[in-house]
Amino acid sequence: MANVFAFVETRGADVRKVGLEAVTAARSLADKFGSEVHALLLGPPGIGGKAVQIAQYGADVVLVVEHAGLVNYNPEVATATAADRIKSGGYRAALFSTSAQGRDLSPRVAARLGAGIVTDVLSFDVDGDSIVVRHPMNIGKVIATIVISGTPAVIAMRPNVISPTQNPKGGRVENVQPSVDPESTRVKVVETKQGSRGKLDLAEAPVIVAGGRGLKAAENFKLVEELASAFGNAAVGATRAVTDDGWRPHSDQIGQTGRLVSPELYIAVGTSGAVQHLAGMRTSKTIGAVNKDKDAPIFKVADYGIVGDVFEIIPALTEAVREAKKLHHG
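Nothing here was measured: the structure is a model prediction, and the numbers come from that model. (Residues numbered from 1 in each chain as written. Predicted model: local features only at pLDDT ≥ 70, side-chain atom pairs only at ≥ 80, totals over all residues. Heavy atoms only, no water.)

Visitor: Explain the environment of Asp125 to me, and be specific about the residues and the numbers.
Guide: Relative to the helices and strands, Asp125 resides in strand S8 (residues 123–127). Given a relative accessible area of 39%, Asp125 falls into the partly exposed group. In the structure, Asp125 is positioned 93 residues away from Lys32 in sequence and 8.3 Å away in space, judged by C-alpha atoms. Every residue in contact with Asp125, bar those within four places of it in the chain, is listed here: Lys32, Ser130, Ile131 and Val132. A polar contact is formed between the side chain of Asp125 and the side chain of Lys32, at a distance of 3.5 Å. (Helix = DSSP H or I, 4+ residues; strand = E, 2+ residues; numbered from the N terminus. Buried < 20%, exposed > 50% of the residue type's maximum accessible area, 1.4 Å probe, protein only. Contact = heavy atoms within 4.5 Å. Polar contact = N/O pair within 3.5 Å; in protein donor to acceptor, adjacent residues only side chain to side chain.)

Visitor: So what's going on with the nonpolar core? Which residues, and what values?
Guide: Val23, Ile54, Leu95, Val133, Ile155 and Met157 are the most contacted members of the largest nonpolar core, which totals 32 residues. No other element matches the six residues that helix H1 (residues 17–33) contributes to this core. Look past the residues within four positions of Val133 in its chain and what remains in contact with it is Val118, Val121, Ser123, Phe124, Ala144, Thr145, Ile146, Ile148 and Ile155. Counting 23 residues, the second largest nonpolar core, distinct from the first, contains Val61, Leu63, Tyr91 and Phe96. (Core = buried A, V, L, I, M, F, W, Y, C linked by side-chain atoms within 4.5 Å.)

Visitor: Residue-level account of the side chain of His38, with values.
Guide: Examined against the element boundaries, His38 turns out to sit in strand S4 (residues 37–43). Exposure remark for His38: the relative accessible area of 9% places this residue in the buried category. A polar contact of 2.7 Å, which involves the side chain of His38, links it to the side chain of Tyr91.

Visitor: So what about helix H3 (residues 75–89)? Which residues, and what values?
Guide: Here H3 contains 15 residues, and its C-alpha end-to-end distance of 21 Å stays within 8% of the 21 Å for a straight helix at 1.5 Å per residue. Counting buried residues in H3 gives eleven out of 15 residues, a clear majority hidden from the surface. Among all positions in H3, only Pro75, Glu76, Val77, Ala78, Thr79, Ala80, Thr81, Ala82, Ala83, Arg85 and Ile86 are buried. Those residues of H3 that are buried lie in contact with strand S1 (4–8), S4, strand S5 (61–66), strand S6 (93–97), helix H4 (100–113) and strand S12 (172–175). For H3, the N-terminal cap is Asn74; the gap from its side-chain oxygen to the backbone nitrogen of Glu76 is 3.1 Å. (Expected span 1.5 Å × (residues − 1).)

Visitor: I'd like a rundown of the side chain of Asn3, residues and numbers included.
Guide: Locating Asn3 in the fold gives a position in the segment before S1. Asn3 sits in the buried class, given a relative accessible area of 12%. Within the local environment of Asn3, its side chain forms a polar contact with the backbone nitrogen of Glu36, the two atoms lying 2.9 Å apart. If near-sequence neighbours (up to four positions away) are discounted, Asn3 is found in contact with Ser35, Glu36, His38, Tyr91, Arg92 and Ala93.

In short, geometric facts, not functional conclusions.
This is the structure in structure tokens:
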């Protein structure tokens, strides 16, 4: 039986949305093979309580690793434990996320297994015994179709391209020991800095409002923040030029060397649309752009575009969103 493995990302004692996306993707693939999904959940004592949630999204078996040393992501423990389990379980495929953590973990696991890997996957299918995936190349200008015939196939999905979908399964819990003692690892987290409380993660936000150099100064990013706040479920992103200038933290950077995002709605404010930036966001479901330059490359990928002054248009757009929300909730 060609069972499918899924790595469930956590943050502290909580399961991340990208973790549920990985389980949903694994469920879809396992259904094509007529097999089971085995999901690996690592975290601090008590994380096993989330096994019920994992089962709701399609896991037949939840492999739980609990340890006081796993409050934070530990690459050595996660790599060794996942690779050992994938090898011993003889899985046809192993699903991860191309999140910040997944970009670190999935190549490590593939290297340890000597397996083929495709990251930033947009979709997949099965053709006979092979798995066929779609993957952006040439800075997102081309979507390549890649056939993975080797076993196991290590696949990391781009966040937000698959919506977590409930598909309740038995969710049999199996307690597993970590392959490496977390207390003996070479790398330890000595300090964790909490980002803005309540701030949506870019990889998980359904709406992203991103600003570029067209905003002219760091203090003008308040226009972007206010528009994001009007939506209520939006995150703020930025171009590399903006983060390099120190206007925004590098964690907000979207693009080839930053975050890869696929929100339901992406609004580019004062962003020209350099190819490196487009590589990180062109798979967004709907793209809107506001720029004073009618020839800006961003308009070539935008579904909706406004040519004009961001300092006039964004406040008006923010007010329009607020009014629409009032009508919707009224």
